[in-house]
Amino acid sequence: MKTIVVPGDLISDKPENGSGIYQKDNKTYSKYVGVLYKGEDTQVVPLHGKYTPREGDMIIGLVVQEDMFGYIVDVKSYHMPYVHKRSIKTEFKPGDLILCQVISVNEIKYMIIDIQAKLEDGILFGVSAKKVPRVIGKHRSMINLLEKYSESKILVGANGYLFVKGGKPNIVKDALEVISKYSQTENLTEKMEGYLKKIKVE
Amino acid sequence: MSKKKDEVVYFDEKGKRFDGRSQFEIRPITLKVGVIERSDGSAYVEWGQNKAIAAVYGPREMLPKHLADANKATIRYYYRMAPFSVPDRKNPKPGRREIEISKVSGEALSHSVDLEQYPNTAIDIFVTIFDSNAGTRITALLAASLALADAGLPMKDLVSGIAVGKAGGKLIADMNKHEEDASDAVDLPIAMLPNNNDIVLLQMDGVLTEKEFYECLDIAKKNCQEIRELQVSALKEKYSVDFNSGD
């Protein structure tokens, strides 16, 4: 069983390096509700939260607004990036899904994105951005499993948006709910396979 | 002391209070995390008869933009009482009391959340009181603090608190409406970060001696530690689900 800590939980009696923690009076405390990993670096990996942009990430965006000079895109983050029309050739309208890459992020988490492609004929699903590694799995094991059982093509954005094309998207939807709920349990991929087999029989 | 006919009794012969509690006993508390699906974080708290539900949205873009703080996130705390939460219907328009409580509670939470990580954003916290019987601002604060932690925001510590006070000449913990209306009543809501007992909210209504005040602080400190344990177990409960039990 993984150890779950909450903000203010005492992790160590001496100051330690790592992420998701803070030091006070030579002691180390947790900063998030998350899973504790103790190794060379002490880490508290948050279980929930919005997408923190990183340079080079491939993300899926939803065009929410158009004005004279560009588009406002929702990427499930703290801010909505703006894409200038003169930097792109295709036209979009609100509601369109786009695949984009984060070009740069500044110190206040504003990002510049580059639109790579328009995503058409598919469905958008969302999970918490902090659960994307669970949705992909080790060496893409989880996403391969989902593609096998749902017969859909699945594109996972680092921001927690998923684009699902063809096949049985309902299976993906149910599976994502299960992943979100049980993401902190061990051997999730094996359990998921059992779950998918079960609903296939039904 | 001779008893007058219509004198209100706050302690019976056994030292029990009006609702059967002992002097420093608090009302039963239930906490639940993750109750509103479409919010970023949410929590529901029942404290005796008080019922509060809190939802957190954000950090998100601050609108109107000129209110944004370029150095840190802004907490916008909305404490609202439902019209049916009090015996007589309450006008749903936020009144003087609600605006004040929103201000002080938002400031209390800003000492816990690491706001510097999210410049130019707003964190909206909506708390609605469904039922009230004294001590709703602390109930709301517990719910809000749980909802913030549930939203995955970086925090120093959970905020916990309690209203201590005085009725019938004795200091008491967690008073109810009946005790709050006593002629010599003192209401002292205190919220703190239980790890190092940092006080983040303290209001007082009534008159206390200095000695009584410090006694009240000690009662609050002790109770905040216990309430934090309840908050921690509520947060952990959300993630202690077993895969085979559901679905």
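Residues numbered from 1 in each chain as written. Chains lettered and ligands numbered in written order. Predicted model: local features only at pLDDT ≥ 70, side-chain atom pairs only at ≥ 80, totals over all residues. Heavy atoms only, no water.

Here the focus is helix α3 (residues 169-182) of chain A. Residues and elements named next belong to chain A. Along its 14 residues, α3 runs 20 Å from first to last C-alpha, staying within 8% of the 20 Å computed at 1.5 Å per residue. Listing the buried residues of α3 in full gives P169, I171, V172, A175, L176, V178, I179 and Y182. Where α3 is buried, its residues meet β13 (123-126), α1 (132-136), α2 (141-150), β14 (153-156), β15 (161-165) and α4 (188-201). (Helix = DSSP H or I, 4+ residues; strand = E, 2+ residues; numbered from the N terminus. Expected span 1.5 Å × (residues − 1). Buried < 20%, exposed > 50% of the residue type's maximum accessible area, 1.4 Å probe, protein only. Contact = heavy atoms within 4.5 Å.)

The next subject is a positive patch on the surface. Residues and elements named next belong to chain A. A cluster of basic side chains, namely K148, K168, K197 and K200, defines a positive patch on the protein surface. Here K148 lies in helix α2. The class for K148 is exposed, based on a relative accessible area of 55%. (Patch = residues over 30% accessible without salt bridge, like charges linked within 9 Å, V, L, I, M, F, W, Y side chains within 5 Å. Areas by Shrake-Rupley, 256 points an atom, 1.4 Å probe, with all protein chains shown as cover. Salt bridge = Lys/Arg side-chain N within 4 Å of Asp/Glu carboxyl O. Lys, Arg positive; Asp, Glu negative; His and termini not counted. Charge placed at Lys NZ, Arg CZ, Asp CG, Glu CD.)

Looking now at the confidence of the model for chain B. In this model, chain B carries an average pLDDT of 92, and 95% of its residues clear a pLDDT of 70 or more. Per-element mean pLDDT across chain B ranges from 90 in helix α3 (residues 177-180) of chain B up to 97 in strand β5 (residues 121-131) of chain B. (pLDDT = per-residue confidence, 0-100.)

Quick look at the sheet that holds strand β11 (residues 97-105) of chain A now. Residues and elements named next belong to chain A. Taken in spatial order, the five strands of this open sheet run β10-β9-β8-β11-β12, and their pairing is antiparallel. Of all the strands in the sheet, the pair left with one neighbour each is β10 (82-84) and β12 (111-119). Between one strand axis and the next, the sheet turns through 45° on average, direction left out of account. Relative to β11, strand β8 (residues 58-66) is paired through five bridges, and the arrangement is antiparallel. In the strand pairing of β11, I60 is matched with L99. (Pairing = 2+ DSSP bridges. Axes fitted to C-alpha atoms, helices over the stretch in contact; angles between N-to-C directions.)

Attention shifts here to the packing of α2 of chain A against α3 of chain A. Packed helices, taken two at a time, are described by their axes: the angle between them and the distance between them. All names here are of chain A. Orientation of α2 relative to α3, taken along the N-to-C sense of each, is 145°, at an axis distance of 10 Å. Where α2 crosses over α3, the handedness of that crossing is right-handed. Packed against α2, whose contacting residues are M142, L146, Y149 and S150, the element α3 presents I171, V172, A175 and I179 at the interface. Taken together, the residues of the contact of α2 with α3 sort by class into seven nonpolar, one polar and no charged. (Left-handed = near helix turned anticlockwise from the far one by under 90°. Nonpolar A, V, L, I, M, F, W, Y, C, P; charged D, E, K, R; others polar.)

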